[in-house]
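If you want the building blocks of each chain, they are given just below.
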Amino acid sequence: MILIITGKLAENQVKEAVKNFNFVDVHVANLDVAAFLTPKLVIREIREIEKRKGKKIFELYDFILVTGLTRGDFSLVEEETGIKCYKSTREAIDIPILLKNLDKINLSPKYEADRELYKLILEESEKLIEDSEKEKEKFKIKNLKIGDSFPIRVLGEIVHVPYLKREELEKKVIYYDLSGADMIDLGMVSGENFKDRVGEIVKIAKDVTDKPISIDTLNPEEIREALKHEIDLVLSISPDNIGELINEIKDYDVPIVIIPKGDKIESLKNLVELLEKNEVDKIIIDPILEPINHGFFESLVIYKKVKSLFSYPLFFGAGNVTELFDVDSHGVNALLTALAYEVGANIIFTPEASPKCKFSIKELKIASKLLFISKKRKSFPKDIGYNLILYKDKKFDEQFINYNVEEVYAKEENFKLDRGSFKIQIDRERGEIVATYFKKNKPILSIRGKKAKEICDTILKLNLVESFSHCMYLGRELSKAEIALKIGKKYNQDFPLFYNDFWNL
């Protein structure tokens with residue numbers, strides 16, 4: 001038997017959640033909010049139960065659950081009463097999932113069970129992907145398997161590579177690698193010829209990562225140089241440059257992406273025919289995804305047609321949409337990935353050229369896993385361990401408690417200045433918040449950290465503030481800076497983090 005101890009306000013929710021589990025009892029503690037339970041309060045409730053039933057609690061139940069919203073370590077409960085006390089899920093609605101999976105997870109007196117449930121679901125999903133990677137492949141780019149049996153591979157483009165210094169390029173490659181890119185593309189500059197730098201650029205990238213490296217250019221001379229320096233993939237070969245490059249393509253036997261000109265279907269047919277005639281079969285077809293309002297839907301129809309005509313992998317340029325669409329990228333990238341799976345694409349391509357598209361590679365990687373697993377399971381793309389719900393909540397059962405006490409309406413006040421001031425900034429290079437202390441307009445000390453709390457605690461420890469108003473101000477600003485650091489948002493001290501018209505509710 002299991003005992004759940006909850007508060008008065010959550011009583012009905014918890015009882016509804018466990019109504020189909022006859023091995024669970026619910027005890028309502030003498031307090032309103034279950035999240036306010038502490039180990040000592042639980043011990044007090046246990047003593048009352050023992051007194052009422054005339055037995056020790058461990059004779060009645062195997063263990064106790066409290067809400068995952070509680071704080072602190074509940075190990076003390078076992079030390080004092082002999083029964084283990086674990087944290088359940090944060091939301092009562094998830095308790096049934098926990099109870100059905102008790103044999104598969106490790107409950108904790110310190111951490112909410114949501115972590116274990118998420119880990120369990122994620123492990124099952126990862127196993128599906130791991131098993132799929134054992135499938136035999138017909139097509140490889142370097143050591144990366146490409147095909148319908150595998151997740152759509154993410155190709156991240158670093159734009160205008162010739163303009164980057166060595167250190168900048170290395171950092172970009174590392175960032176793309178860590179973001180989850182399966183391949184990294186070196187984007188050259190349209191209309192320019194940097195053939196003399198291609199070898200150096202390719203070497204820098206290959207020295208930093210073992211992942212396949214591609215070059216993005218239509219310039220035959222740059223493509224030749226890339227082939228000489230063991231590039232893993234060429235994009236793109238078109239009707240305009242194939243005549244100059246057909247011999248090199250055949251000799252080097254490197255996978256190529258082909259793009260059409262004019263009538264897409266007819267153009268692609270002609271390119272494939274010419275390549276096959278020259279015994280070239282490492283072909284990836286890019287019918288070109290058009291931007292919104294510029295043939296987007298029609299291009300999807302062509303993708304579907306191309307998939308039925310050819311047996312070669314399909315290339316899907318998501319960046320053509322996200323970069324030209326003033327919408328936060330994660331939702332757009334998720335939908336584009338779903339469309340890529342629908343049309344049978346095998347590679348999805350994006351740069352992170354504009355700030356609004358930051359994290360696009362990571363978003364596409366997560367979306368690819370999400371859609372691949374749902375496709376394998378023939379289920380909806382939800383509840384499978386991956387998601388791109390970044391700024392909202394999947395479940396929302398927030399409760400407001402009206403305590404029926406005197407209410408005071410808030411208004412801004414002008415307080416006197418403290419003995420010093422702080423300039424708060426974000427160091428993106430190091431991924432840290434920096435609070436610099438000024439005295440009489442002179443910088444004295446900088447405090448670095450990744451979290452608002454640790455910086456606030458250090459400021460208090462160093463006794464750098466004396467007024468309550470300044471403490472509250474710093475708490476507000478440092479919390480904003482922490483959010484901005486996490487989500488890649490621009491931070492300006494004293495200005496709202498979300499400032500556009502959408503948020504003027």
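Figured I'd write up the structure that's included with this text.

Here is what the cut-offs are and how they apply
- Residues numbered from 1 in each chain as written.
- Predicted model: local features only at pLDDT ≥ 70, side-chain atom pairs only at ≥ 80, totals over all residues.
- Heavy atoms only, no water.
- Pairing = 2+ DSSP bridges.
- Helix = DSSP H or I, 4+ residues; strand = E, 2+ residues; numbered from the N terminus.
- Axes fitted to C-alpha atoms, helices over the stretch in contact; angles between N-to-C directions.
- Contact = heavy atoms within 4.5 Å.
- Core = buried A, V, L, I, M, F, W, Y, C linked by side-chain atoms within 4.5 Å.
- Buried < 20%, exposed > 50% of the residue type's maximum accessible area, 1.4 Å probe, protein only.
- Right-handed = clockwise from strand over helix to strand, strands pointing away.

1. Quick notes on the sheet that holds strand 3 (residues 63–66)
If you trace the 4 strands from one edge of the open sheet to the other, you get 2-1-3-4, paired in parallel fashion. Both edges of this open sheet fall to strand 2 (24–28) and strand 4 (84–87), since each of them pairs with a single strand only. Across this sheet, the average inter-strand angle for adjacent strands is 30°, counted without regard to direction. Where strand 3 and strand 4 come together, 4 bridges link them in parallel fashion. Across the sheet, Ile64 pairs through a bridge with Cys85, a residue of strand 4. Contacting strand 1 (2–6), strand 2, strand 3 and strand 4, helix 2 (residues 39–53) crosses the sheet at an angle of about 110° to strand 2.

2. Details of the nonpolar core
In globular proteins that are soluble, nonpolar side chains generally tend to be buried together. In terms of nonpolar packing, the biggest core is built from 70 residues, with Ile258, Ile285 and Phe316 touching the most fellow members. Broken down by element, the residue count for this core peaks at 6 residues, all from helix 15 (residues 360–377). Look past the residues within four positions of Phe316 in its chain and what remains in contact with it is Leu289, Leu300, Tyr303, Leu336, Leu339, Ala340, Val343, Ala345, Ile347, Ile348 and Phe349. Grouped together as the second largest cluster of nonpolar side chains are 21 residues, Phe422, Leu464, Leu474 and Ala484 included.

3. Description of the pairing of strand 7 (residues 153–158)
Among the 6 residues that make up strand 7, 6 are buried, leaving the element largely enclosed by the rest of the structure. The side-chain alternation of strand 7 yields two buried faces, one formed by Arg153, Leu155 and Glu157 and the other by Val154, Gly156 and Ile158. Bridge count between strand 7 and strand 14 (residues 347–351): 5 bridges; the pairing is parallel. Bridged to Glu157 within strand 14 is Pro351. Looking at chain direction, strand 7 and strand 8 (residues 183–187) are connected through 4 bridges and run parallel. Bridging across to strand 8, Ile158 finds its partner in Leu186. Handedness of the crossover is the feature at issue here: the chain leaves strand 7, passes through helix 7 (residues 166–179), returns alongside strand 8, and the resulting connection is right-handed.

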